[in-house]
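Observations on chain architecture
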Amino acid sequence: MTYQNYSLKQLQQIDAAHHLHPFTDHKELREAGSRIITHANGPFIYDSEGAELLDGMAGLWCVNIGYGRDELAEAAYAQMKELPYYNSFFKCSTPTPVLLSKKLAEIAPKNVNQVFYGSSGSEANDTALRLVRHYWVIEGKPEKNRVISRKMAYHGSTIAGTSLGGMDAMHKQLNGAVPNIVHVMMPYAYELALPGESDHDFGLRAAKSVEDAILEAGADKVAAFIGEPVMGAGGVKIPPASYWPEVQRICRKYDVLLMLDEVITGYGRTGEWFAAQTFGIEPDTITTAKALTSGYQPLSALLVGDRITSTLVEKGGEFHHGYTYSGHPVACAVALKNLEIIEQEGLVDRVRNDTGPYFAKALQERIAGHDLVGEVRSIGLMGAIEIVKDKATKERFLPSGSAAVTVRDHAIANGMMLRATGDTMILSPPLIWTRDTIDMACERIGKALDLAQADLRKR
Ligand code: PXG
């Protein structure tokens with residue numbers, strides 16, 4: 001029986017009875033009923049009631065080539081018929097992860113040439129954490145096992161992902177984090193820059209917090225620093241240009257590995273294949289997932305730099321780590337086709353030279369001036385809108401987070417899907433957006449802001 005035989009109400013009831021959703025207050029969802037998305041095409045998603053929504057989030061930061069790409073379905077179908085599964089353990093391989101690894105080495109920063117596969121960003125970060133700690137053990141420095149991360153970071157939802165991340169609400173529910181992970185300040189100038197402090201100076205100060213944490217622990221105790229090049233789930237926090245080169249300089253100075261989490265920023269979002277290239281840095285690991293397959297299949301790739309792999313290969317022996325689905329042939333076939341499409345359609349260049357700059361200008365000219373908006377910022381096709389009560393003082397509406405939810409709800413009612421995190425609206429659209437799609441989004445967001453303003457000022 002297909003879902004079309006069920007009414008929305010029935011689907012919602014069954015959903016409530018049997019389906020535990022991620023990051024959800026289950027009681028609240030049972031009362032409200034879930035929104036059921038049934039199909040999608042290009043930049044649009046459709047719910048079971050036929051409502052069309054422009055998807056400002058590319059699913060969940062992943063559908064970079066948009067929906068309804070037959071080529072990916074055909075790649076999966078062909079691979080499933082030929083070889084649906086075989087593992088990469090016990091000296092075996094299958095063709096598609098081999099070819100995908102070659103492709104990833106071509107597009108990654110030049111010091112990064114090897115790939116370890118998983119099925120999710122969280123898994124890839126688990127791998128990354130195990131790998132860097134293992135690296136220092138092989139190098140004869142087992143005490144170098146501390147990892148520095150940042151407050152509000154998101155690195156996934158497994159125990160290692162949550163521990164690496166800096167979300168308080170998640171840590172509170174951990175009841176025992178992975179030890180030896182510390183969190184320093186985030187490079188978020190809008191709230192954390194001092195009065196009169198330039199962006200450049202703020203970036204250096206935020207990087208200095210990494211150095212302070214290294215010195216506090218002792219460099220001989222610190223394995224690595226991990227960060228999202230642009231914090232995603234934490235609110236599209238774009239660091240000043242001075243930040244990443246300085247963090248890299250500090251890591252090199254103290255012989256600390258540099259781990260980038262590009263689960264969101266990878267595969268074109270910032271106008272280069274990887275944000276490492278946008279910011280001009282050469283990390284030792286790059287965690288990627290999501291847009292690697294444009295979300296059409298679950299797949300993650302931990303890209304590993306030469307420094308780590310040469311030690312691992314030459315001195316490591318067996319690394320006791322791997323997943324049933326490491327290098328899944330179908331997921332890798334879909335990833336190969338996805339990267340081919342991104343390349344053929346020139347989507348990365350388009351973000352860098354056309355839609356990215358147009359998106360930035362559109363947000364500045366059409367959204368930033370709104371009374372509810374404290375700041376807009378963007379990089380490539382990734383943007384944020386800060387919702388405030390008072391533009392000048394940056395005062396927020398209370399209770400905190402409620403205003404952005406009001407904006408979001410009006411946006412959805414007006415055909416625009418976007419996300420609210422804290423008091424920040426987030427946009428991360430498919431890279432197939434054109435100038436026209438950006439215009440459409442701005443118009444819908446502008447309307448949502450007007451409607452929200454009427455509600456919020458009444459309160
Ligand atoms: N790292 C980063 C930077 C992420 O954004 C993960 C790791 C974990 O990936 P998996 O595939 O295990 O989910 C993510 C995931 C949100 C939201 O609300 C963001 C993510 C996941 C779920 C919700 O913005 N990012």
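Residues numbered from 1 in each chain as written. Predicted model: local features only at pLDDT ≥ 70, side-chain atom pairs only at ≥ 80, totals over all residues. Heavy atoms only, no water.

1. Observations regarding the sheet that holds strand β14 (residues 419-421)
Our working definition: The pairing criterion is simple: DSSP has to find at least two bridges between the two strands. To qualify as a helix, a DSSP run of H or I must reach at least 4 residues; to qualify as a strand, a run of E must reach at least 2; elements of each kind are numbered from the N terminus. Between the N-to-C directions of two axes lies an angle of 0 to 180 degrees, each axis being a line fitted to C-alpha atoms and, for a helix, fitted only over the stretch in contact. Residues count as neighbours in contact if any of their non-hydrogen atoms are within 4.5 Å of one another.
The four strands are arranged β11-β12-β15-β14 in an open sheet whose pairing can be described as antiparallel. The open sheet has two edge strands, β11 (373-379) and β14, and neither has a second partner. With strand direction ignored, the average angle separating the axes of adjacent strands in the sheet is 20°. Sheet analysis places β11 next to strand β12 (residues 382-387), joined by six bridges and oriented antiparallel. What sits directly across from Arg377, in β12, is Ala384. Seen against the sheet, helix α16 (residues 402-413) touches β12, β14 and β15 (424-427) and runs at an angle of roughly 45° to β15.

2. Some points on helix α6 (residues 121-138)
Inclusion rule: An expected span of 1.5 Å times one less than the residue number is assigned to each helix. Throughout this description, buried means an accessible area under 20% of the type-specific maximum (1.4 Å probe, protein chains only), exposed means over 50%, and partly exposed covers the range between.
For α6, spanning 18 residues, the distance from its first C-alpha to its last is 25 Å, which sits close to the expected 26 Å at 1.5 Å a residue. In terms of burial, α6 is a largely internal element, 13 of the 18 residues being buried. After α6 finishes, the residue Gly140 shows a positive phi value of roughly 80°.

3. Description of empty space enclosed by the protein
Worth spelling out the cut-off: Only protein atoms enter the 1 Å grid, on which a cavity is a set of points fitting a 1.4 Å probe that cannot get out and a pocket is an open set with protein on both sides within 12 Å along at least 5 of 7 lines, lining residues being those with an atom within 4 Å of a point. Grid points are joined across faces, edges and corners, and a volume is the space filled by probe spheres set on the points. Each residue gets one of three labels, nonpolar for Ala, Val, Leu, Ile, Met, Phe, Trp, Tyr, Cys and Pro, charged for Asp, Glu, Lys and Arg, and polar for the others, Gly among them.
Considering all chains together, one arrives at one cavity of 30 Å³ or more under this definition. There is about 30 Å³ of room inside the largest cavity. Secondary structure elements with two or more residues in the lining of the largest cavity: α1 (8-18) and α2 (26-32). The element that contributes the greatest number of residues to the lining of the largest cavity is α1, accounting for three residues. Taken together, the residues of the lining of the largest cavity sort by class into two nonpolar, three polar and two charged.

4. Some words on the domain arrangement of the protein chain
This is how the line gets drawn: Residue ranges for the domains trace back to a domain assignment, done automatically or taken from a database. Put simply, buried area is the surface a 1.4 Å probe can reach on two separate parts but cannot reach once they are joined, added for both. Basic side-chain nitrogens of Lys or Arg form a salt bridge, by our definition, when they fall within 4 Å of a carboxyl oxygen of Asp or Glu. The term polar contact refers here to a pair of N or O atoms within 3.5 Å; inside protein, the definition further demands a hydrogen-donor-capable atom paired with an acceptor-capable atom, and it admits residues adjacent in sequence only when both atoms are side-chain atoms.
According to the domain assignment, the protein chain contains domain 1 (35-65 + 346-456) and domain 2 (71-344). Its C-alpha centre places domain 1 at a distance of 26 Å from the equivalent point of domain 2. Contact between domain 1 and domain 2 buries roughly 2,600 Å² in total, counting both sides, with carbon and sulfur atoms accounting for 60%. Our count for the domain 1 to domain 2 interface comes out at two salt bridges. For Arg352, the salt bridge is made with Glu272, and the minimal N-O distance between the two is 3.6 Å. Counting across the interface, domain 1 meets domain 2 through 19 residue pairs in polar contact (both at pLDDT 80 or more). The set of elements that each furnish at least two residues to the side of domain 1 that touches domain 2 consists of α3 (58-61), α15 (347-367), β11, β12, β14 and β15. With five residues, the single largest contributor to the side of domain 1 that touches domain 2 is β11. Of the residues contributing to the side of domain 1 that touches domain 2, the split by class is 18 nonpolar, nine polar and seven charged.

5. Remarks on the pattern of salt bridges
When the charged atoms of two side chains with opposite charge come close together, those side chains can pair. Counting across every chain of the model gives 24 salt bridges. Glu282 is paired through a salt bridge with Lys110; the nearest N and O atoms lie 2.7 Å apart. With Glu282 in the loop between α12 (275-279) and β9 (285-288) and Lys110 in the loop between α5 (95-107) and β4 (112-118), this pair connects stretches of sequence that are 172 residues apart. With its nearest N and O atoms 3.1 Å apart, the salt bridge here joins Arg408 to Asp409. Note on Asp409: relative accessible area 40%, which makes it partly exposed. When salt bridges with common partners are traced through the structure, they connect Glu191, Glu375, Arg377, Glu386 and Arg396 into a single cluster.

6. What to know about the sheet that holds strand β7 (residues 222-227)
With mixed pairing, seven strands are arranged side by side in an open sheet as β4-β10-β9-β8-β7-β5-β6. The two strands at the open ends of the sheet, each matched to only one other strand, are β4 and β6 (181-184). Neighbour-to-neighbour, the strand axes of the sheet open up by a mean angle of 20°, direction not taken into account. Here β9 runs beside strand β10 (residues 300-305); their pairing, made up of four bridges, is antiparallel. For Ile286, the partnering residue across the bridge sits in β10 and is Leu303. Across the sheet, helix α11 (residues 243-253) touches β5 (146-150), β7 and β8 (257-261), and the angle it forms with β8 is around 145°.

7. With respect to the side chain of Thr288
Tracing the backbone through its elements, the reader meets Thr288 in strand β9. At 2.8 Å, the side chain of Thr288 and the side chain of Tyr267 are in polar contact. A polar contact is formed between the side chain of Thr288 and the backbone oxygen of Ala301, at a distance of 2.8 Å. Sequence-distant contacts of Thr288, that is, excluding residues within four places in its chain, are made with Ala124, Glu262, Val263, Tyr267, Phe274, Ser300, Ala301 and Leu303.

8. Looking at the nonpolar core
For clarity, the threshold we go by: Here, nonpolar core means buried Ala, Val, Leu, Ile, Met, Phe, Trp, Tyr and Cys residues that are tied together by side-chain atoms lying within 4.5 Å of each other.
Residues Leu104, Phe225, Tyr267 and Ile385 are the most contacted members of the largest nonpolar core, which totals 99 residues. Mapping this core onto the domain boundaries places at least three of its residues in each of domain 1 (35-65 + 346-456) and domain 2 (71-344). Residues Ala128, Leu129, Ala223 and Ile308 belong to the second largest nonpolar core, which totals 19 residues.

9. As for the state of the cysteines
Heads up, the rule is: When two cysteine sulfur atoms lie within 2.5 Å, the pair is treated as a disulfide.
For the structure on display, the rule yields zero disulfides. Residue Cys62 stays outside any disulfide, its sulfur separated by 17 Å from that of Cys332, the closest cysteine. The class of Cys62 is buried, set by a relative accessible area of 14%. No disulfide involves Cys92; its nearest neighbouring cysteine sulfur is the one of Cys332, lying 15 Å away. Residue classification places Cys92 among the partly exposed positions, given a relative accessible area of 29%.

10. As for the site of the ligand
The line we're drawing: Here a residue counts as near a molecule or strand whenever at least one of its heavy atoms sits within 4 Å of it. Surface accessibility follows the Shrake-Rupley procedure with a 1.4 Å probe radius. Residue values consider only the protein chains on display as shielding.
With respect to spatial proximity, 16 residues lie near the ligand, and among them Trp61, Gly121, Ser122, Asp261 and Arg419 are the closest. Interatomic distance of 3.4 Å between a backbone N/O atom of Tyr154 and a nitrogen atom of the ligand. The contact in question runs from a nitrogen atom of the ligand to an N or O atom on the side chain of Lys290, over 3.2 Å. Coverage of the ligand by the protein amounts to 83% of the 540 Å² it exposes when considered alone. Counting residues per element, the shell around the ligand draws most heavily on α6, at three residues. The class makeup of the residues in the shell around the ligand is six nonpolar, six polar and four charged.

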